[in-house]
Amino acid sequence: MELKQCGRSGLYLSVLGLGTLTWGRDTDGPEAHDMLTTFVDAGGNLVECSPTHGDGIAVDVLSEALASVGRHRVALAWRGAVRRAGESTWVGAAGRGDLLRSLDDALARLDTDYVDVWLVEPQAEVPLEETLEAATLAYRSGRARYVGLSRASHWQLAEAVTRGALGASAPISLVEAPFSLANASAAHTIAELSSRGIGVIAASALAGGALTGKYRHTTPADSRAASPHLRHMVEPYLEGHARTVIEAASRAAVGLERSTADVALAWVRDYPGVSAALIGPRTRRQLDMLLDFSEPLPAPIRQVLTEVAAQ
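Below or above, wherever it landed, is the structure these notes cover. (Residues numbered from 1 in each chain as written. Predicted model: local features only at pLDDT ≥ 70, side-chain atom pairs only at ≥ 80, totals over all residues. Heavy atoms only, no water.)

### Structural notes on the packing of aromatic side chains
And then number 1: A complete count under the given rule lists three aromatic pairs for this structure.
And then number 2: Through pairs of rings, three or more aromatic residues link up here, namely Phe179, Trp267 and Tyr271.
And then number 3: The ring of Tyr114 carries the charged tip of Arg71 above its face, separated from the ring centre by 4.4 Å.
And then number 4: For the cation-ring pair, Arg145 lies above Tyr114, with the distance from its terminal atom to the ring centre recorded as 3.7 Å. (Phe/Tyr/Trp six-rings, centres within 6.5 Å; stacked < 30°, edge-to-face > 60°. Lys NZ or Arg CZ within 6 Å of the ring centre and 35° of its normal.)

Below, the structure written as structure tokens:
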């Protein structure tokens, strides 16, 4: 698998990244371990994890898998932080204390001294300056080799990038944002970030699995759309313009004798400015199918799909 430079930083990421959303809940430990081994052996290095993945268990599953695969073979992107909001309730956090406490807890559970990337998630009720200060402390101490943003508004991105360029906080090396054929609204932002040397991780590159084409005629009983805790990730892509895009990708796939997922993944993977496309397979079988991606899309097909996505 190709490694691509992340913007103008010295960070190189595999063009596909492995998400851990289902690990520890829908994907058990042995299968997750098998998936990580398969992914790394295929040349992948980017693995994204969050304290909320797998109801908080994914980090422990990943820790066990890393111990076997080798920490040095993985570029670990840690996303966000959490704070306690009740006896057994945790919510996203952006305050300095919560951020640093959450990161240190992750490092201890992962048995590592650092994460390759810390993707902090700004919140409206917390000054962005405070969030960036925590990220800068982690960056300067070496606990986070690179700093990025996830789920940030245009204004937050602009302020964070400017502060980093002026040396007021850690430089922003990459941004994670939802981006796929079925959700191409971030295209302009990606172009702007790329012009400033900032890499982009395209999250939900297959629109929660909708771009595999599996929901065109029915909802499989074992799919995300049939899951009470995951269906919200898929439902926005089952109607309206997204459905039109999925049909276009499926027709292109038939003509190219490729799978719909392969066509959709190739489109986002090779999109200018995208450093890596994030996938979240639930099983080893799903991962194998996604790793079997082929050549870039023919230019005319790519152009047509881009036009359909932009409508």
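Having seen it, we continue.
### Some words on the sheet that holds strand 11 (residues 199–203)
Across a sheet, paired strands are connected by hydrogen bonds in the backbone, their directions being either parallel or antiparallel.
And then number 1: Read around the closed barrel, the eight strands follow the order 3-4-5-8-9-10-11-12; overall the barrel is parallel. Along the sheet, successive strands turn relative to each other by an average axial angle of 30°, direction set aside.
And then number 2: For strand 9 (residues 144–150) and strand 10 (residues 172–178), the ladder comprises four bridges, and the chain directions are parallel. Pairing of Gly148 across the sheet is with Leu174, part of strand 10.
And then number 3: Strand contacts of helix 4 (residues 128–141): strand 8 (115–120), strand 9 and strand 10, with the helix running at about 160° to strand 9, the strand carrying the most contacts. (Pairing = 2+ DSSP bridges. Helix = DSSP H or I, 4+ residues; strand = E, 2+ residues; numbered from the N terminus. Axes fitted to C-alpha atoms, helices over the stretch in contact; angles between N-to-C directions. Contact = heavy atoms within 4.5 Å.)

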